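Coordinate inspection notes
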Amino acid sequence: MKHRTVMMYMEIGCFVSCLAGWILVSSTLAIEYWTWSEVGSVVLTTGNYFSNLWKDCVSDSTGVSDCKEYPSMLGLPVFLHSVRALSICSVILGFFAGVLTLIGMKCTKIGGSELANARVTFAGGITYLASGFAGLIVYSWWGNKVRSEFVDPNFKAQKFEIGAAVFIGWGGSILLITGGFVLSFFSGKEGLRSTSKKRPRRPNSYATARTRRTYMMPNSSRVTPMPQLVQGSRGGRKIRTTRTTGTYSRDDFV
């Protein structure tokens, strides 16, 4: 198989993985079972308490449930505000990452040239990574808070356990991080490399008029001999110059 075909199938697999993770993370916002607790030892009088980011609910053994939203937004703890913001940011980042990946994938042929497609796909992979890490922070923070309250002997309020939504969110975040990492790694190798390799500048060469010797700048491996500018006759005439050396007195010129 050609390299382009392998890259195309790899991008499709990573996109499907990230899309599944994004759907799982988005679904946790509507799931009510972030925390849950069961109260009562008799089957007929058992009550279940569960809650999520938006409301608290209670149900009995007959299947009747009643939910109540949090009364005041400003009266909520900072922890709940932070978890809400991170979870919404994770969903929004995952959406834009999907748009970028669809534009830059090789099978869609929307982004333009191969280099432009690779760079857009790299941006989508990085956005998927940010979405996955934001979701992972949300569910890990929530799970750690529930666990610490459950094992704390000094915590006198009702204790809860980790709900199904947290485990679903963990799975979706891992899919987002894995798919985004593979997508950004391979598309980054293709899109971030230099399009034109810069060749080293060759030093200038020059030659004098009376010799064939070529003078080069340092660190040069190419020598370009220059043609002889003045050529003699066929017989190779030689010109000799003599220097007369002698001592003359001043009276000789008188």
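Scroll up a little and you will see the structure.
Figured I'd write up the structure that's included with this text. Note that the structure is a prediction, hence the values are computed from the model and not measured.

A separate point is the pairing of strand β1 (residues 35-39). Strand direction decides the pairing type here: β1 and strand β2 (residues 47-51), joined by 5 bridges, are antiparallel. Its bridge partner lying in β2, S37 is registered against Y49. Bridge count for β1 against strand β5 (residues 161-162) is 2 bridges, and the pairing is antiparallel. Across the sheet, the residue bridging to T35 is I162, located in β5.

Opposite charge on two side chains allows them to pair when their charged atoms are near. The tally for this structure, following the rule as stated, stands at 2 salt bridges. Close ionic contact of K55 with E32 constitutes a salt bridge, the shortest N to O distance being 3.3 Å. Highlighted residues: K55 in strand β3 (residues 55-60) and E32 in the loop between α1 (3-27) and β1, separated in sequence by 23 residues. Where K145 meets E149, a salt bridge forms, and the shortest distance between an N and an O atom there is 2.7 Å. Here K145 pairs with E149, and both are found in helix α3 (residues 114-151), just 4 residues apart, close to one helical turn. Residue K145 is classed as partly exposed on the basis of its relative accessible area, which comes to 31%.

This paragraph deals with the environment of C57. Take C57: it is sitting in strand β3. According to the relative accessible area criterion, C57 is buried, its value standing at 5%. C-alpha separation for the pair C57 and W36, spaced 21 residues apart in sequence, amounts to 9.2 Å. Beyond its immediate stretch of four places on either side in the chain, C57 contacts E32, N48, Y49, F50, D66 and C67.

What the 5 strands build is an open sheet, ordered β4-β3-β2-β1-β5; its pairing is antiparallel. Of all the strands in the sheet, the pair left with one neighbour each is β4 (65-69) and β5.

This part is about the packing of aromatic side chains. With the rule as written, the count across this model stands at 9 aromatic pairs. Between F181 and F185, the ring centres sit 6.3 Å apart and the planes meet at 20 degrees, which makes this aromatic pair stacked. Within this pair, F181 and its partner F185 are both found in helix α4 (residues 164-191), separated by 4 residues, close to a single helical turn. What links up through ring pairs into an aromatic cluster is the set W34, F79, Y139, W141 and W142.

Here α1 crosses α4 at 150 degrees, and the two axes come no closer than 7 Å. Regarding the angle of α1 to α4, the classification is roughly antiparallel. The crossing of α1 and α4 is left-handed. Looking at the contact of α1 with α4 residue by residue, the class counts come to 14 nonpolar, 9 polar and 2 charged.

Calculation criteria
- Residue numbers run consecutively from 1 along every chain, following the written order of its sequence.
- In keeping with the predicted nature of the model, local features appear solely for residues at pLDDT of at least 70, side-chain atom pairs appear and are counted solely at 80 or more, and the whole-chain, interface and lining totals rest on all residues.
- Excluding hydrogens and water, the side-chain figures rest on all heavy atoms present in the structure.
- Between any two strands, at least two bridges found by DSSP are needed for them to pair.
- Helix and strand assignments follow DSSP, with helices taken as H or I runs no shorter than four residues and strands as E runs no shorter than two, numbered in order from the N terminus.
- Whenever a carboxyl oxygen of Asp or Glu lies within 4 Å of a side-chain nitrogen of Lys or Arg, that contact is scored as a salt bridge.
- Buried means the residue's accessible area, taken with a 1.4 Å probe over protein chains only, is under 20% of the maximum for its type, while exposed means over 50%, and partly exposed covers the values in between.
- Here a residue-residue contact requires only that any non-hydrogen atoms of the pair lie within 4.5 Å.
- Stacked, tilted and edge-to-face pairs are distinguished by plane angle, under 30 degrees for stacked and over 60 for edge-to-face with tilted covering the rest, among Phe, Tyr and Trp rings (Trp via its six-membered ring) whose centres lie within 6.5 Å.
- Note on definitions: angles span 0 to 180 degrees between N-to-C directions of axes, and those axes are lines fitted to C-alpha atoms, for helices only across the stretch in contact.
- Small angles under 35 degrees read as roughly parallel and large ones over 145 as roughly antiparallel, with 65 to 115 read as roughly perpendicular and the rest as oblique.
- Note on convention: the crossing is left-handed when the near helix lies turned anticlockwise from the far helix by less than a right angle, right-handed when the turn is clockwise.
- Gly counts as polar in this scheme, as do all residues outside two lists: the nonpolar Ala, Val, Leu, Ile, Met, Phe, Trp, Tyr, Cys and Pro, and the charged Asp, Glu, Lys and Arg.

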